[in-house]
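# Working through the structure, step by step
Spelled out, the chains give:
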Amino acid sequence: MDHPVASPKRSSAAGGWGALKSCGKHLLGSRAPLSGARAMLKANQPDGFDCPGCAWGDPEHGSSFEFCENGVKAVSWEATDKRTPPKFFAKHTVSELRGWTDYALEGEGRLTHPMRYDAQSDRYVPTTWPEAFAAIGASLRGLDHPDQAEFYTSGRASNEAAYLYQLFARHYGTNNFPDCSNMCHEASGIALQAAIGIGKGTVLLEDFEKAGAIFVVGQNPGTNHPRMLGDLRKAAQRGTRVVVFNPVRERGLERFADPQNTVEMLRGSSAPVASHYYQPRLGGDMAAFRGIAKAVFAVDDAALAAGKASVLDRAFLSHHTAGLAAYRAAVDATTWEAIEDQSGLSRADIEVAAGVYLGADKVICTWAMGVTQHRHSVATIRELANVMFLRGHVGRPGAGLCPVRGHSNVQGDRTVGINEKPPAALLDALETTFGFTAPRKHGHNVIAAIGAMLDGSAKAFIGLGGNFARATPDTTLVAKALSSCELTVHIATKLNHSHLVPGRVAYLLPCLGRTEIDRNAKGKTQIVTVEDSMSMVHGSGGINKPASKELLSEIAIIAGMAAATVGSDRVDWAALTEDYDGIRDLIERTIPGFTGYNVRVRRPRGFMLRNLAAERNFETETGFANFSADALPEATEHQRARNAPGTFVLQTFRSHDQYNTTIYGMDDRYRGVYGERRVVFAHPDDLAEIRALTGDRVDIVGTHDDGVTRVAESFRLVPFDMPRGSLAGYYPELNVLVPLSTFGEGSDTPTSKSVMVRLRAPVAA
Ligand SMILES: Nc1nc2c(c(=O)[nH]1)N[C@H]1C(S)=C(S)[C@@H](COP(=O)(O)OP(=O)(O)OC[C@H]3O[C@@H](n4cnc5c(=O)[nH]c(N)nc54)[C@H](O)[C@@H]3O)O[C@H]1N2
Ligand SMILES: Nc1nc2c(c(=O)[nH]1)N[C@H]1C(S)=C(S)[C@@H](COP(=O)(O)OP(=O)(O)OC[C@H]3O[C@@H](n4cnc5c(=O)[nH]c(N)nc54)[C@H](O)[C@@H]3O)O[C@H]1N2
Ligand SMILES: [Mo]
């Protein structure tokens, strides 16, 4: 390419000294270097806390220091000695704070006191826990119907907190559980449930050591799952083929220097990760995998015609699957022209990928947001599963399906009942155990909750962590939705924009973080538990002194609100707060798979929740692993954008210096962007075509035709190696462009990876 491409120093690898340097900066910059560093040594150790950085599994024999830049940032972010005390709130009105960036707000440090919003002075003022609980209880009891309240969960909540939260909401009378998962891996859960009878992946960490090929689809592990990248790199060094599908050239997937490898660090060497790197068009993965299937069937037909053995796993297909014939017909009906046009990959390239697939006796397929945040995500994930079924790559060592989760306990939260469409068995168990009538009507997910707040049918919003106002689409509308509520309550560790759109009655309740010691009234320390991406459940106990004496645990806060709302006749909330073993006993009684919970979770690496699909026992409607037979989407947004001159399709992803809406810093090291976040990446030829704008600032204007005007102002264009017709930029700044009215079919996930936009010269200031 003869155009200047963003300065990523191409020769240098991801990880390595850059990562170490960044960790040093974050630990020291945390202004609590000692507690931060001490805490790091206990991350993901049997006697420490679960790292809040991600949901990747822990090795059975972990090194004494499971190094990860992501983890260091997450831990030092929480272990900071900066504070946001009442006097901060006395100084700044809420309207003023709304003008601050996400980075500046969280940069003020940890919240210290329970606060109540005072509309008259437009400030948060200190209050007491009993007053807050009483007012929240009175407000919830005052609603016409429990379905007027929304109970949001962000995926850091422990199993115990999440279980108590759903118990509170269901006792109160609603299944309204909008959840960060609705914006994240919802499509994976739905697709896998239909395909293999469980909404989770089927692989263990050990499987990565045995696989012959690993397909990594729509994921940027160098930034978002560095420990996974370490495992990929080791696999690559053993000769495992790592086949990447990503429209954007992500440096971490190309070369990676493992900061845990001393020799490599001293030599300054790095190892290649991807053996094959395919750059499909946005939303083109279903077509690409349909192409792989087409090529595999062609090879099989030829083998059979030549009197050779089938290249498919015929025994698996006939004993364990349903729907192969219909799938085959759908593949035959899909033309190579359609596949090439939608995927943006050539038939020859796809045939090479199919060759890698056929050449490996064990294959793992992983994926994340690049797959789940499109309109046809459910169909795409079904297609990934279809391809994996063809050679029996489910339910045996070294092979399987692996959605790589985001938040450290997002999977566990679902397991213990955060679900707007709960299984009847859970509701039955709650009724038998507690004697209240559980609500049977399905509740709201994120999109439905926003709709209900906007049309006035929901009047209360409780947030167990997270940053609802910034993580969701259509930022302006969601702010309106929250501020039109009768009651808003946020349980949080740091100040964010969701707290700045208060309802008529509003509370900001500060809680302990993962890294902090949680003591009950008698001084006994308590542990909580979490489940990782590989269905392993283990304990987590903090080691740092709490950020403030006023903090309560999430569990104590939920229990306090619950007691004030539904009373303590059926659930002894206070006793459960005093001893989390009691909550685990209740989980054991009401949720399958937790027999012996309190004993098993105290074993060094915890225990694995039984995953029947991993044993080839598929609890689907047919009793088999189900093929799907969907046609490819008629046109993806990327195809539509290419046919409409001046239109682009924009994906919103993460920079290297952020954790979702939490911004740690202004650099995106692996993509060569420093000191700014208002950038938009584009193909150099697209920049050349709109010459006037090359390297310039542009406004990005939404073109989705639903009557809402959407503009993100003043973004600097950065040329990058990615398909023509597409753009990329950072969430949450770009959420003003993501429409609430476009979401995944069957998943309701906002289409954050395919937003139709055009560029315009900035309106002169
Ligand atoms: N440091 C850090 N770690 C994190 C997080 C964080 O914000 N920061 N967030 C956590 C959470 S909640 C989650 S869910 C995960 C997210 O982890 P990722 O899924 O890696 O997150 P994104 O940054 O959204 O990256 C999406 C990747 O998919 C690619 N992509 C986009 N569209 C397509 C497509 O149509 N097809 C294909 N094949 N690829 C596509 C993008 O180019 C990008 O590389 O990370 C978790 N870990
Ligand atoms: N455009 C676009 N939008 C997206 C995405 C995207 O890729 N593009 N990704 C989506 C995804 S995958 C996800 S998961 C969501 C994330 O959505 P959320 O989970 O709602 O957002 P976070 O940014 O993770 O939440 C950060 C806040 O959590 C609070 N917090 C941190 N630690 C704790 C704790 O231990 N306890 C409590 N109670 N609070 C804590 C802090 O106050 C912090 O400000 O965003 C989604 N939104
Ligand atoms: Mo996520």
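Our subject is the structure that appears above.
Let me begin by describing the structure that accompanies this report.

### Section: the sheet that holds strand E25 (residues 679-682)
The 6 strands are arranged E22-E28-E25-E27-E26-E29 in a closed barrel whose pairing can be described as mixed. Ignoring strand direction, the axes of neighbouring strands in this sheet form an average angle of 45°. Here strand E26 (residues 697-702) runs beside strand E29 (residues 755-760); their pairing, made up of 4 bridges, is antiparallel. Pairing of Val 701 across the sheet is with Arg 758, part of E29.

### Let's talk about the pattern of salt bridges
Note on pairing: side chains with opposite charge can pair once their charged atoms come close. The full count for this structure, using the stated rule, is 38 salt bridges. When the shortest N-O distance is used, the salt bridge between Arg 249 and Asp 721 registers 4.0 Å. With Arg 249 in the loop between strand E8 (241-245) and helix H13 (251-254) and Asp 721 in the loop between strand E27 (711-719) and strand E28 (726-730), this residue pair connects regions lying 472 residues apart in the sequence. Judged by relative accessible area, which is 23%, Asp 721 ranks as partly exposed. With a closest N to O distance of 2.8 Å, Asp 686 and Arg 724 form a salt bridge. With Asp 686 in helix H32 (residues 684-689) and Arg 724 in the loop between E27 and E28, this residue pair connects regions lying 38 residues apart in the sequence. One connected set of salt bridges, linked through shared partners, spans Glu 160, Asp 581, Arg 584 and Arg 602.

### A look at the sheet that holds strand E4 (residues 115-118)
The strand order across the open sheet formed by 6 strands is E5-E4-E17-E16-E15-E6, and the pairing between neighbours is mixed. Taken across any chain shown, the strands that pair with only one partner, and hence form the sheet edges, are strand E5 (123-126) and strand E6 (149-153). The average angle at which neighbouring strand axes cross in this sheet is 20°, direction not considered. Pairing between strand E15 (residues 460-464) and strand E16 (residues 487-492): 5 bridges, direction parallel. Bridge pairing in E16 links Ala 460 to Leu 487.

Cut-off values and rules
- Residues numbered from 1 in each chain as written.
- Chains lettered and ligands numbered in written order.
- Predicted model: local features only at pLDDT ≥ 70, side-chain atom pairs only at ≥ 80, totals over all residues.
- Heavy atoms only, no water.
- Pairing = 2+ DSSP bridges.
- Helix = DSSP H or I, 4+ residues; strand = E, 2+ residues; numbered from the N terminus.
- Axes fitted to C-alpha atoms, helices over the stretch in contact; angles between N-to-C directions.
- Salt bridge = Lys/Arg side-chain N within 4 Å of Asp/Glu carboxyl O.
- Buried < 20%, exposed > 50% of the residue type's maximum accessible area, 1.4 Å probe, protein only.

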